[in-house]
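# Tertiary structure, described
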Amino acid sequence: MSDDIVKEIEKVFGIVPSGADRENDKDKIRDALRRALEQKVAALAQENMEHLLWLLYRVDVNEHKLKIELQKNAPEHAVSIIADAILERLEQKAETRKKYSDRQNDEEYEW
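Positions within a chain are numbered from 1, following the residues in the order the chain's sequence is written. In view of the model being predicted, local features appear only for residues whose pLDDT reaches at least 70, and side-chain atom pairs are presented and counted only at 80 or more, with totals across whole chains, interfaces and linings using the full set of residues. Side-chain calculation: all heavy atoms of the structure are included, whereas hydrogens and water are not.

## Topic: the overall build of the protein chain
Using the following cut-off: In this description a helix means any DSSP run of H or I spanning at least four residues, a strand means any run of E spanning at least two, and both kinds are numbered starting from the N terminus. We call a residue buried when its accessible area falls under 20% of the maximum for its residue type, exposed when it is over 50%, and partly exposed in between, using a 1.4 Å probe and counting protein chains only. Between two residues, a contact is recorded if the distance between any of their heavy atoms is within 4.5 Å. For accessible areas, the Shrake-Rupley method is used with a probe of radius 1.4 Å. Any residue's cover is judged against the shown protein chains and nothing else.
What the protein chain contains, in helices and strands, is five helices and zero strands. Listing the helices and strands of the protein chain from first to last along the sequence gives α-α-α-α-α. Taken across its 111 residues, the protein chain has 29% of its residues classed as buried. At a minimum sequence separation of 6, the contacts of the protein chain that also span at least 24 residues come to 63%. Element-wise, carbon and sulfur atoms account for 46% of the exposed surface of the protein chain, whose accessible area totals about 7,900 Å².

Put into structure tokens, the structure is as follows:
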């Protein structure tokens, strides 16, 4: 789990995961982020669904894929599914940024 993802979650969702030091095991960090996201998603689903949908749009979660996952699973799993979708999308975006920033750095040195 990259520090960029943690920063993005802090920026977009306004949450700082507890129970994980950023220098620790990546699985522990991901679990802490997932728990923090689940709490935030659950609160938003109860209090402000419109804002939750806006955040999903901002993160660019695949709406079609999310709907399919939500339909396949029981309603009580919705919060976990949404949190996982958010993490998955942020991880994809981080990989893409890294891939293209590495490529751009390589190209700069070729000139």
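## Re the packing of helix 1 (residues 3-13) against helix 3 (residues 49-59)
Rules: Axes here refer to lines fitted to C-alpha atoms; in helices the fit is confined to the stretch in contact. Angles between the N-to-C directions go from 0 to 180 degrees. Crossing handedness is defined as follows: a turn of the near helix away from the far one that is anticlockwise and smaller than a right angle gives a left-handed crossing, while the clockwise case is right-handed. Any residue outside Ala, Val, Leu, Ile, Met, Phe, Trp, Tyr, Cys, Pro, Asp, Glu, Lys and Arg is labelled polar, Gly included; the first ten of those are nonpolar and the last four are charged.
Where helix 1 contacts helix 3, the two axes come as close as 11 Å, and the packing angle between them is 145°. Here the hand of the crossing between helix 1 and helix 3 comes out right-handed. Counting all contacts with helix 1, which are made through Lys11, Val12 and Phe13, the residues of helix 3 involved are Leu55, Arg58 and Val59. Residue composition of the contact of helix 1 with helix 3, grouped by class: four nonpolar, no polar and two charged.

## Describing the pattern of salt bridges
Let me state the cut-off plainly: Whenever Lys or Arg places a side-chain nitrogen within 4 Å of a carboxyl oxygen from Asp or Glu, that contact is recorded as a salt bridge.
The tally for this structure, following the rule as stated, stands at seven salt bridges. A salt bridge links arginine 34 to aspartate 84; its shortest N-O distance comes to 2.5 Å. Of this pair, arginine 34 sits in helix 2 (residues 26-47) while aspartate 84 sits in helix 5 (residues 78-110), placing them 50 residues apart in sequence. Classification of aspartate 84 by relative accessible area gives partly exposed; the value is 28%. The partner of lysine 67 in a salt bridge is glutamate 63, and the shortest N-O contact between them spans 3.3 Å. With lysine 67 and glutamate 63 both in helix 4 (residues 63-72) and four residues apart, this pair spans about one turn of that helix. On the basis of relative accessible area, lysine 67 is assigned to the partly exposed category, the value being 47%. Judged by its relative accessible area of 52%, glutamate 63 falls in the exposed class.

Honestly, that's just the spatial picture; any functional story needs more than this.
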